[in-house]
Every structure is written in structure tokens, then in C-alpha cells.
Amino acid sequence: MLSLVLRGIRTRWVTFVGSFLALALGVGIVAMTGLALAATFGAPHHGPERFAAAPVVVRGADLLRVPTPIGVRTQELTSPRPVSAALANSLAELGRTVEDRTFPVSVGGADLDGGSGAGEVVGHPWPVAAAAPYRLAAGRAPAAPGEVVVTAGPRSQVRTGDRITVTTPRSTATGTVVGTVRSAGFETAVFFTAAEAARISPAVDALVVHADPAAVRAVVDKEDRMVVLTGDDRRRADPDPDRDAEALVSVNALLGTAAGITAFVSVFVVASTFSFAVAQRRREFGLLRTAGATPGQVRRTVYAEAAVIGVFASAAGCRLGALGAPRLASWMVGEGIAPRWFAVGDQNWPLHTAFWTGLAVALAGAVAASRRAGKVGPAEALRESAVDSGAMPLSRVVLGAAVLLTGVVLAAVALVHDPGSLLKRKTYLTQPMLLIVGFALFAPVLVRPVTRLLTWLPAQLPGATGVLARENASAGLRRTAAVAAPVIVTVALAASLMGTTATLGEARATEARTQVTADFVATAGRDGGALSPRFVERVRRIPGVVVSVSRSTSVTVLEEGTALVRSEARAVDPADAAAVSALPVVAGSLSGLDDGSVVVNEEWLTTTVGERVGVWLADGRKVTLRVAAVLSTGTGNNGVYVTPRNAGGAAVDRIDVRVRGWADRSAVAKELYAAGRDTGAEVRTGAGRAAESVRRTGENTRTGLLMILLIALVYTAIALANTQVMATADRVRDLAVLRLAGATKAQVLRLVGAEALVVVGVGAVLGGAVAALDLAAVRTALGRLGVHSAVVVPWETLGLVLAVSALLAVVFAVLPAALALRTRPVELAGTRE
């Protein structure tokens with residue numbers, strides 16, 4: 001049998017080359033994404049950085065630990081408490097101590113980073129520099145107010161003696177650079193004298209203690225919510241110690257999604273290609289049956305062909321993936337999707353996984369085709385015409401109905417019980433796949449009416465091209481379905497994924513515009529952080545404004561006695577917040593918020609107004625708060641609200657300003673922008689801030705989805721090229737008959753191109769139907785959540801996808817037809833299969 005299979009593949013290589021390329025590409029992408037995905041499973045381990053040379057570090061606990069019946073549960077705290085003066089004095093009796101203070105700094109007219117990528121600028125007292133350790137590369141230590149030492153990146157132009165503008169939470173002044181230290185990579189720092197740092201930021205964030213760790217623990221254990229860090233644990237005091245692991249979360253999700261969709265599309269395309277190949281070979285299988293082959297032997301022949309193609313394609317794909325993985329990692333780093341240190345490792349298991357996945361995909365794609373081949377009868381295949389009946393076997397009807405009903409029922413259940421689940425990435429990425437498969441299974445009965453609908457007008461025009469294109473596409477249903485399949489996938493994914501993300505972005509922007517009634521919003525800039533107290537004071541002194549000062553914090557609850565769940569929260573004064581916002585309250589009142597209460601949303605543990613619930617604040621304190629009001633869930637951005645007393649020591653990071661009716665708006669704007677320039681704050685209009693926030697959150701998502709769509713588009717190119725070449729090779733005699741009937745070569749080629757456009761149109765309509773159902777579910781979910789926003793259709797992306805698909809379909813239909821027509825029509829008409 002193997003020799004028969006190999007001879008068949010060699011003879012009909014055109015039939016199998018597309019399957020080979022599609023499968024090789026699929027395995028290559030799975031291998032490439034798998035290798036990159038393997039690199040996300042473990043962030044590189046960093047030892048202590050900020051306090052690498054410190055023997056003992058004392059600071060507020062950054063982890064909440066709560067005992068439960070199934071063990072101790074932990075949750076990160078967003079605002080560890082500072083070291084108290086009393087504790088600092090007690091520890092000073094054990095040995096030498098050094099106080100560390102960390103505060104935001106803005107440096108005007110100087111690039112300290114110089115390309116090191118260390119992030120935002122922070123300030124520290126100079127004595128703590130030795131704990132890193134930092135060593136002076138030039139100059140001396142600061143000895144007086146106004147003198148600073150700065151970290152200098154690899155391309156920094158800052159030198160000792162330079163005068164720079166330094167903005168701190170307390171003031172803006174011109175400082176003199178008296179020394180430089182080499183950048184350590186984890187921060188960009190400005191060092192002040194110890195006295196000046198204490199004036200700028202009185203709170204002690206951490207304390208370096210030169211004493212026996214056991215003696216230090218004996219003292220610290222008497223304090224609540226304080227920890228002693230030694231050895232590798234000192235990294236917990238580094239700036240954002242989990243930044244590497246957190247940076248890989250979105251990378252992991254993106255690569256996993258790409259691999260999953262690649263596997264789905266490859267199965268879809270390979271199955272479609274094998275199905276069409278079997279349909280083309282009905283007479284061949286009939287001859288085998290006439291020669292005595294059993295249905296099982298015919299099926300095994302198809303499986304053997306799939307296995308041979310699968311082995312060679314998988315091997316080629318693994319090689320392709322190994323070469324492409326480093327380039328993928330480099331591209332993701334360049335686009336800002338992955339951190340700068342991200343690189344592919346030397347793992348081999350993704351290659352093994354990709355190889356066997358490719359072989360499984362090839363065999364899975366041949367399942368339906370082999371069953372169909374096994375059903376071909378000896379005489380029936382020899383008598384069968386080239387016209388497809390369009391009839392579907394009962395098994396396909398049942399399977400198609402089951403897949404479609406599953407997709408519809410899952411969406412309906414979610415809309416009734418949890419509309420927000422339809423807005424989550426996992427759902428809106430997988431939901432269209434069920435509909436795509438369902439529509440593809442019903443393609444034999446859908447293709448003909450859609451084809452006649454699309455060709456109704458062209459068929460009424462003078463000439464035979466429109467009529468012939470309609471009849472040819474309707475007669476060759478399997479050919480039409482095979483060509484339309486990749487277009488269905490690409491159009492459905494493009495419209496569903498890009499449309500859903502754009503719709504959600506517009507819904508969030510609408511929600512933000514509705515809820516934020518402030519005229520201006522001030523923050524610390526793109527990287528966040530605390531606003532300068534000087535800025536807050538200046539804004540409060542502006543006449544004719546209502547000012548709402550808020551803090552970003554968090555609260556943690558214990559759900560069902562076993563799971564710690566942290567919710568982002570904002571600390572506000574309820575009267576001021578009501579004046580600059582219109583929160584979607586569904587129960588209770590925002591005016592009821594006080595130091596003993598909390599405002600929650602509908603997804604929270606407790607949503608009954610007046611009920612009391614125990615929560616842990618951002619600094620680890622446990623309090624019992626009463627539910628004052630409940631907000632609608634919306635798109636998921638409606639969080640929790642508390643008062644400043646329950647903010648856990650969080651600093652002011654946002655100010656909302658509403659201009660009173662009698663005040664001069666332009667004068668207020670002028671003062672706000674001036675205060676922002678002087679203190680490093682970013683001031684925007686309320687609408688501008690909402691739009692910018694939505695744009696920033698969607699940048700990486702859009703880039704990742706475009707990568708996924710590019711994969712689908714490449715598959716479309718391969719599938720269209722393969723299927724069109726196969727179909728044209730199978731229709732050589734038909735084209736010759738047209739030539740003998742009097743059609744010119746140009747007329748035949750125009751007919752072939754018109755048929756290709758009709759088939760792409762069929763795929764676009766069916767793919768659009770999938771996307772319409774998916775977007776309708778998203779729009780309904782938003783309505784159920786109380787967010788009224790229009791559906792955003794990505795017309796630009798869809799237009800590009802359809803244009804590329806149409807171009808490919810026409811080129812790969814017309815080109816082989818033109819080559820075939822170079823032979824005399826009489827010779828072509830006399831050929832046999």
C-alpha cells in the first residue's frame with residue numbers, strides 16, 4: 001500500500017502541495033510560538049538589587065497572610081506601612097542603621113536614563129546608595145541642599161558640574177550635579193543629602209540595619225505588619241520585584257492564543273483541502289473499488305497519504321519554527337509586547353509537541369475525507385457527474401446543528417447569568433470558532449443560495465460571463481466551499497476579534513465619558529505615581545473650581561473562606577467625588593460613604609446595602625465596613641470606593657477638577673497647565689483623559705490580534721493558492737470546451753477570474769454572518785451590563801482582508817488557467833484523467 005500511496009502523491013503532487021504547505025506553516029507557527037511560550041514559563045531570577053549589599057532590611061510587610069481551612073493564603077499589599085520612628089530608634093540601639101526614602105523625581109532638560117531602560121526617575125538619600133551598592137564614577141557625594149548625584153545611563157550626556165531642574169513632591173529647584181554613578185539597570189535615581197531627602201519625604205520606606213538578624217527579628221516581631229529581610233528575601237524590597245513575571249503574563253496569553261488559533265485554522269484548512277482532494281478523486285477511488293479494493297482499504301489509503309504528508313510537513317515545520325522563534329521574540333520586544341530581556345531558550349519539548357500535533361492535525365483533517373472516500377461505490381463513481389447535489393449526510397447535519405447550537409446556547413446562558421463573561425478575552429476569542437465550524441459544516445446547503453444571491457445582478461447583465469460564473473460556482477459546490485473556507489475563517493476572525501476589541505474600547509470610552517463629568521483631570525503622567533503635594537495645594541487655591549482628590553488603593557476580601565481576592569479601589573471624599581463624576585449607582589447612595597463604609601460593584605462578594613463585610617486594606621489592616629452603595633458592573637472598570645482614611649497610606653495620584661458656572665474656564669485651564677509644568681503633573685481635559693486611557697489599554701491587545709490575523713491571512717493565501725490550482729487543473733477540459741465553443745482566451749480568463757471573485761464573496765458573506773452573530777452577542781452583553789454603545793465594525797481591516805483574498809483568488813485561478821490555455825483546445829479536450 002505504501003508504494004501505491006507514494007506513487008499517487010507523486011502523480012497528483014499538485015493536489016497535496018497545498019496541504020503540505022498549510023500543515024508545514026501550521027507546525028512552524030505552533031513550534032515558533034511554543035518555543036517562545038516556553039520562555040514565558042519562568043522569569044529570570046534576579047537576586048537582590050536595591051539592597052544587595054545590605055545585611056538586614058526592615059520594611060513594612062508587602063504580603064497579606066491569612067490562615068484558612070485549606071492553608072495560608074497570601075495576597076500582595078499595594079501600600080506597605082512605613083517604618084515608625086519608634087522602631088527605627090529601637091533598631092539603632094542594635095547597630096548602625098541607614099534610612100531609605102523613595103519618592104518621585106522629575107528632571108528637566110537632562111536624559112539620565114540614556115538608553116538603559118531603567119524607567120521612571122526616583123529620589124533617595126545618598127547614604128543608602130551603598131546598600132545597592134552604587135559607587136561614584138565621577139565627582140563626590142552631595143553635601144549641601146541643591147547638590148545631587150545622579151545615575152548615568154550608557155548614553156547619558158549628564159556630567160558633574162551640570163545644572164539641572166529637579167522637581168520633587170516638595171519643590172522645583174535648580175540642582176548641581178556633583179557626582180555620577182553608573183546605572184544599575186533597575187532604576188534611574190537622583191540622590192540627595194539625607195537631610196534634604198527627609199524634608200522631601202518624611203516617611204521611612206525601609207531601614208538598613210547592620211546588626212545580627214536574630215536580634216533584629218526579636219525587636220521587629222513586636223511590631224505589627226513589619227518584616228525582616230535577609231539573603232534572597234531582600235529582593236522583596238526592590239522596586240516592583242515581580243515585574244518580570246508580570247511582564248510575561250500578557251506575552252503568555254498572546255502566544256497561547258496564537259498557537260490555539262493556528263491549530264484551529266490549520267485543522268480547518270487541511271480538512272477542507274483533503275475533502276476537496278477526495279471529491280476530485282471519486283473516479284480514481286471507484287476504479288480501486290472496481291479492482292477489488294474494500295472500503296477499509298480505500299480509507300486506509302487516504303489515511304496513509306495524510307500520514308506521509310503529515311510526517312514530512314511536520315518535520316519541515318519544526319525546522320521553520322526553530323528558525324523563526326528568535327525572530328518572533330525580537331519582534332515582540334521591539335513592539336513593546338515583551339520585556340527587553342525576553343529571549344527564546346534552548347527547550348526542545350515545543351518542537352516535539354509541534355511535530356506530533358502536526359501529524360495529528362493531518363490525520364484529523366483526513367477523517368471526514370477518508371469516510372467519504374470509503375463510501376464511493378465501484379459503478380457509482382464511474383457514472384457520477386461533475387455536478388454536486390449539495391445534499392448533506394445525516395451525520396454532518398447532526399454535527400453541524402450540534403456545533404451551532406452549542407455556540408448559541410453557551411452565548412445565551414452567558415447573557416442570562418453572566419453577561420460580563422462574553423467580554424473576556426478567552427470567550428471572545430473562542431466563541432467565533434464554534435460558529436465558524438458550524439457554518440462550514442452547513443456549507444453545502446449555504447453555498448448555492450448565497451452564490452445565486454451574489455450573482456443575481458451580474459447574471460442580468462449582457463453577456464454570458466455572469467450566468468456562467470453563477471452556474472459554475474453553483475455546480476461545483478465542493479470546489480466553491482473549499483475555496484470559500486479560508487475566506488470564511490479570515491473574515492470571521494478579522495471582524496469578530498477586531499470588532500469586539502474596538503466595540504469594547506468604544507464602550508469603555510463611552511462609559512468613561514459618561515461617568516467623568518470633570519472638566520480637567522490631572523495625573524502624574526504615563527508611568528503613574530504620586531502627584532506633588534505642591535500641585536495639590538496650587539489646584540486647591542484656584543478660584544471657581546470644585547476639586548476631587550483621589551488615591552489609588554486596594555481592598556482584599558476572603559471569598560468562601562478559602563480565596564483571597566483583591567479589588568482595585570479609589571479613596572475619595574464622597575461629596576467632592578459626586579461633584580465631578582456620575583457613578584452608575586444601582587443601590588444605596590454615594591453620599592452614604594464614610595470612614596466606616598465602602599462602595600462596591602455587582603461582582604463583589606457582598607452587594608446588599610447595609611451589610612457589613614470584613615476587608616483588608618492596602619497596608620494590611622483588617623477592618624469591617626458597611627456597604628453604602630452598589631455600582632453596576634459595566635465593562636469591568638467600575639471598582640470599589642473608600643474614604644482616604646481607609647486608603648492604607650496611599651498618596652494622591654489623581655485630581656478631578658470641575659469649573660463652576662461663573663468661573664473663567666480659560667483662566668482655570670491656564671493655571672492648571674502652569675501648575676502641571678512646574679511640578680511634573682500631566683493635565684488633560686476630562687474627555688481627553690478618558691480617550692487616552694482607553695487607547696493605552698488597547699495598544700498591546702490590538703498588536704497581538706493583528707499578529708493572529710496575519711497568521712490567518714497567510715493561511716488564506718496558501719489555501720486559496722492550493723485549491724485554485726487544484727480546481728483549475730481539474731477543469732482543463734471544461735476550459736477547452738469553452739474555447740472550442742468560440743470563447744476567446746481573454747473571455748475564458750475573465751470567466752475564471754469572475755468565478756474566483758464570486759467564491760470570495762461567498763466566503764465573505766458567510767464569515768460576515770459569523771461575525772454579525774458574535775458582535776450581536778457582545779452588544780447584547782453590553783446592554784445587559786447597562787453600557788449603551790454602538791458596535792464598531794473594523795471596515796478598514798475587513799477591506800484589506802477581502803482585497804488580499806480577492807487578489808490571491810484571482811491570481812491563482814487565472815495564472816494556471818492561462819498556462820493551460822497555451823495548449824491547443826483540441827488537445828486539451830481530448831485529455832483523460
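What you are looking at is a predicted structure, and each value in this text was computed from that prediction instead of being measured. Throughout this document, residue positions are counted from 1 along each chain, in the order its sequence is written. Note on the predicted model: pLDDT of at least 70 is required for a residue's local features to be given, and 80 or more for side-chain atom pairs to be given and counted; whole-chain, interface and lining totals, by contrast, use all residues. Side-chain measures were taken over the full set of non-hydrogen atoms in the model, leaving aside hydrogen atoms and water.

Colleague: In this structure, what is going on with the overall build of the chain? I would like to understand it.
Modeller: Regarding its fold elements, the chain presents 25 helices and 24 strands. Only protein chains enter the accessibility calculation, which uses a 1.4 Å probe. A residue is then buried if its area is under 20% of the maximum for its type, exposed if over 50%, and partly exposed in between. Within the chain, the proportion of its 833 residues that are buried is 51%. Residue contacts are defined here by distance: any two heavy atoms, one from each residue, within 4.5 Å place the two residues in contact. Pairs at least 24 residues apart make up 83% of the contacts formed inside the chain by residues separated by at least 6 positions. Residue exposure ignores everything except the shown protein chains as possible cover, and the areas themselves are Shrake-Rupley values with a 1.4 Å probe. Total accessible area on the chain is roughly 36100 Å²; 58% of this is exposed by carbon and sulfur atoms. Secondary structure elements follow DSSP: runs of H or I no shorter than four residues count as helices, runs of E no shorter than two count as strands, and numbering proceeds from the N terminus.

Colleague: Where do I start with the sheet that holds strand β4 (residues 96–100) in this structure?
Modeller: Hydrogen bonds between backbone atoms are what pair the strands of a sheet, whose relative direction is either parallel or antiparallel. We treat two strands as partners when DSSP finds at least two bridges between them. The strand order β4-β13-β1-β14 describes an open sheet built from four strands, whose pairing is antiparallel. Only two strands of the sheet have a single partner each, and these edge strands are β4 and β14 (226–229). Going across the sheet, the axis of each strand differs from the next one's by a mean of 20°, ignoring polarity. Seen against the sheet, helix α3 (residues 85–92) touches β1 (56–60), β4, β13 (206–210) and β14 and runs at an angle of roughly 10° to β13. Along the sheet, helix α5 (residues 213–220) contacts β1, β13 and β14; its crossing angle with β14, the most-contacted strand, is approximately 175°. Helix axes are fitted to C-alpha atoms over the stretch in contact, other axes to C-alpha atoms as well, and angles between N-to-C directions run from 0 to 180 degrees.

Colleague: Quick question: what am I supposed to make of the side chain of Thr167 here?
Modeller: For Thr167, the location among the structural elements is in strand β10 (residues 163–167). Once you skip the residues sitting within four places of it in the chain, Thr167 turns out to touch Pro104, Val105, Ser106, Thr172, Arg534, Asp678, Thr679 and Gly680.

Colleague: Where do I start with the packing of α3 against α5 in this structure?
Modeller: The relative placement of two packed helices comes down to the angle between their axes together with the axis-to-axis distance. As a packed pair, α3 and α5 sit with axes 10 Å apart at the nearest point and diverge in direction by 150°. Judged by the inter-axis angle, α3 sits roughly antiparallel to α5. For the crossing formed where α3 meets α5, the hand is right-handed. Contact residues: α3 offers Leu87, Ser90 and Leu91, while α5 offers Val216, Val219 and Val220. Throughout this entry, Asp, Glu, Lys and Arg are counted as charged residues, while Ala, Val, Leu, Ile, Met, Phe, Trp, Tyr, Cys and Pro are counted as nonpolar. The remaining residues, Gly among them, count as polar. For the contact of α3 with α5, the per-class residue count stands at five nonpolar, one polar and no charged. Note on angle classes: values under 35 degrees are labelled roughly parallel, values over 145 roughly antiparallel, values of 65 to 115 roughly perpendicular, and the remainder oblique. Crossing chirality is assigned from the near helix's rotation relative to the far helix, an anticlockwise turn below a right angle marking it left-handed and a clockwise turn marking it right-handed.

Colleague: Mind showing me how you'd approach the pattern of salt bridges here?
Modeller: It is possible for side chains of opposite charge to pair when their charged atoms get near one another. The rule for a salt bridge is simple: a side-chain nitrogen of Lys or Arg has to be within 4 Å of a carboxyl oxygen of Asp or Glu. This model, assessed by the stated rule, comprises 16 salt bridges. Residue Asp678 pairs with Arg538 through a salt bridge whose shortest N-O separation is 2.8 Å. Of this pair, Asp678 sits in helix α20 (residues 665–679) while Arg538 sits in helix α18 (residues 533–540); the two residues are 140 residues apart in sequence, bridging distant segments of the chain. Classification of Asp678 as partly exposed rests on a relative accessible area of 34%. Judged by its relative accessible area of 28%, Arg538 is partly exposed. One salt bridge in this structure joins Arg654 and Asp656, with 2.9 Å as the shortest N-O distance. A residue is classified by how much of its surface remains accessible, and Asp656, at 7% relative accessible area, is buried. A single salt-bridge network, built from bridges that share partners, covers Arg50, Asp100 and Glu187.

Colleague: What should I look at first to understand the side chain of Asp619 in this one?
Modeller: Along the chain, Asp619 turns up in the loop between β20 (612–617) and β21 (622–631). Reaching out from Asp619, the side chain makes a polar contact with the side chain of Arg621 at a distance of 3.0 Å. Excluding residues that lie within four positions of it along the chain, Asp619 makes contacts with Leu77, Ser79, Arg81, Arg225 and Gly648. A 3.5 Å cut-off defines polar contacts: any pair of N or O atoms within that distance qualifies, except that in protein one atom must be a possible hydrogen donor and the other a possible acceptor, and neighbouring residues in sequence count only when both atoms are side-chain atoms.

Colleague: Sorry if this is basic, but what is going on with the packing of aromatic side chains here?
Modeller: To describe a pair of aromatic rings, you give the distance between the ring centres and the angle between the ring planes. Centres within 6.5 Å are what make two rings of Phe, Tyr or Trp a pair, Trp counting through its six-membered ring; a difference in plane orientation under 30 degrees is then read as stacked, over 60 as edge-to-face, and the rest as tilted. Inspection of every chain in the model, using the stated rule, returns six aromatic pairs. Between Trp126 and Phe191 the ring centres are 5.5 Å apart and the planes differ by 85°, which places this aromatic pair in the edge-to-face class. In this pair, Trp126 is assigned in the loop between β7 (121–125) and β8 (136–139) and Phe191 in strand β12 (residues 188–192), connecting sequence segments 65 residues apart. Of the two residues, Trp126 and Phe191, neither departs from the other in class, the shared state being buried.

Colleague: I would appreciate a short explanation of a nonpolar patch on the surface in the present structure.
Modeller: Nonpolar side chains (Val, Leu, Ile, Met, Phe, Trp, Tyr) within 5 Å and like charges within 9 Å form the patches, drawn only from residues with over 30% relative accessible area and no salt bridge. A surface patch of nonpolar side chains, amounting to about 370 Å² of accessible area, comprises Leu807, Val811, Leu815 and Leu819. Relative to the assigned elements, Leu815 resides in helix α24 (residues 795–820). By relative accessible area, which is 47% here, Leu815 ends up partly exposed.

Colleague: Just checking my understanding: could you explain the pairing of strand β9 (residues 147–152) for this structure?
Modeller: The two faces of the sheet receive side chains in turn, since in a regular strand these alternate between them. Where burial is concerned, most of β9 is hidden: five out of the six residues are buried. Taken together, the six bridges between β9 and strand β11 (residues 172–182) define a ladder with parallel strand orientation. Counterpart to Ala152 in the pairing with β11 is Arg182. Sheet topology note: the β9/β12 ladder contains two bridges and is antiparallel. The residue bridging Val149 from the neighbouring strand is Phe191, located in β12.

Colleague: For this particular structure, what's the right way to read the nonpolar core?
Modeller: General note: in soluble globular proteins, nonpolar side chains tend to be found buried as a group. Met332, Phe342, Ile436 and Leu493 are the most contacted members of the largest nonpolar core, which has 72 residues in total. Of the residues forming this core, the biggest block, 12 residues, is contributed by helix α17 (residues 477–515). Grouped together as the second largest cluster of nonpolar side chains are 21 residues, Leu531, Val549, Ala669 and Val683 included. Within this scheme, the nonpolar core is defined by two criteria: the residues are buried Ala, Val, Leu, Ile, Met, Phe, Trp, Tyr or Cys, and they are joined through side-chain atoms within 4.5 Å.

Colleague: Please explain α20 as it appears in this structure.
Modeller: Helix length check: α20 (15 residues) gives 21 Å between terminal C-alpha atoms against 21 Å at 1.5 Å per residue, within 8%. Of the positions making up α20, those classed as buried are Val668, Ala669, Leu672, Ala674, Ala675, Gly676 and Thr679. Directly beyond the C-terminal end of α20, a positive phi value near 85° is found at Gly680. In this analysis, the expected span of each helix is defined as 1.5 Å times one less than the number of residues it contains.

Colleague: How should I be thinking about unusual backbone geometry in this particular structure?
Modeller: Residues other than glycine predominantly adopt negative phi, and peptide bonds predominantly adopt the trans conformation. In the segment running from Ala132 into Pro133, the intervening peptide bond is cis, with an omega of 0°. Tracing the backbone shows Pro133 in the loop between β7 and β8. One non-glycine residue with positive phi stands out, namely Arg225, at about 60°. Structurally, Arg225 can be placed in the loop between α5 and β14.

Colleague: What exactly am I supposed to notice about helix α22 (residues 732–740) here?
Modeller: Residues lying three or four places apart along an α-helix face the same way, a consequence of the helix completing one turn every 3.6 residues. Every buried residue belonging to α22 is among Val732, Leu735 and Ala736, and all of these are buried. Mapping the buried residues of α22 onto a view down its axis gives an arc of 100°, with all of them on the same face. Positive backbone phi, approximately 115°, marks Gly742, located one or two places after α22. Each direction from the helix axis to a C-beta atom contributes to the arc, which is the arc of those directions.

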